[in-house]
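For reference, the chains in residue letters:
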Amino acid sequence: MSTDQKGTRILARTFFNQLRAAGYTPHQVIGIATELLELVTTDLREGDKAGAAQPTPESGPEWQQRA
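S.K.: Help me get a handle on the environment of Arg-20, residues and values and all.
M.R.: Within the secondary structure, Arg-20 sits in helix H1 (residues 3–21). With a relative accessible area of 36%, Arg-20 lands in the partly exposed category. What Arg-20 contacts, discounting residues up to four positions off in sequence, is Thr-25, Pro-26 and Val-29.

S.K.: Break down the confidence of the model for the protein chain for me, with residues and values.
M.R.: When pLDDT is averaged along the protein chain, the result is 85; 78% of the residues meet or exceed 70. Predicted confidence is poor over residues 63–67, with pLDDT under 50, and the contacts of this stretch with residues over four places away or in other chains come to 3 contacts.

S.K.: Kindly report on the environment of Tyr-24, identifying the contributing residues and their values.
M.R.: The topology assignment puts Tyr-24 in the loop between H1 and helix H2 (26–53). Contacts of Tyr-24, omitting those with residues within four sequence positions, involve Leu-19, Val-29 and Ile-32.

S.K.: If you had to explain a nonpolar patch on the surface to someone new, which residues and values would you point to?
M.R.: Side chains of Phe-15, Leu-36 and Leu-39 sit close together on the surface and give an oily, nonpolar patch of about 280 Å² of accessible area. Mapped onto the elements of the fold, Phe-15 is located in helix H1.

S.K.: An account of H1 is needed here, citing residue identities and associated values.
M.R.: End to end, H1 covers 27 Å across 19 residues, agreeing with the expected 27 Å (1.5 Å per residue, within 8%). Positioned one or two residues after H1, Gly-23 has a phi angle of 100 degrees, which is positive.

Calculation criteria
- Residues numbered from 1 in each chain as written.
- Predicted model: local features only at pLDDT ≥ 70, side-chain atom pairs only at ≥ 80, totals over all residues.
- Heavy atoms only, no water.
- Helix = DSSP H or I, 4+ residues; strand = E, 2+ residues; numbered from the N terminus.
- Buried < 20%, exposed > 50% of the residue type's maximum accessible area, 1.4 Å probe, protein only.
- Contact = heavy atoms within 4.5 Å.
- pLDDT = per-residue confidence, 0-100.
- Patch = residues over 30% accessible without salt bridge, like charges linked within 9 Å, V, L, I, M, F, W, Y side chains within 5 Å.
- Areas by Shrake-Rupley, 256 points an atom, 1.4 Å probe, with all protein chains shown as cover.
- Salt bridge = Lys/Arg side-chain N within 4 Å of Asp/Glu carboxyl O.
- Expected span 1.5 Å × (residues − 1).

Here it is, written out as structure tokens:
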């Protein structure tokens, strides 16, 4: 397991433990996780739209480097 995956796992476990210690039920934790996934999905979709709308350096003369 890479260091990045370990960090992600530790963060998720810590977040979960803090939610449970604060009194959130397992069903509430699932609701929070679902909302987080929806937010990430929306962010990815908006990023895809923004990336598709922006010209690439090869696509337009406005991006050409000037000497």
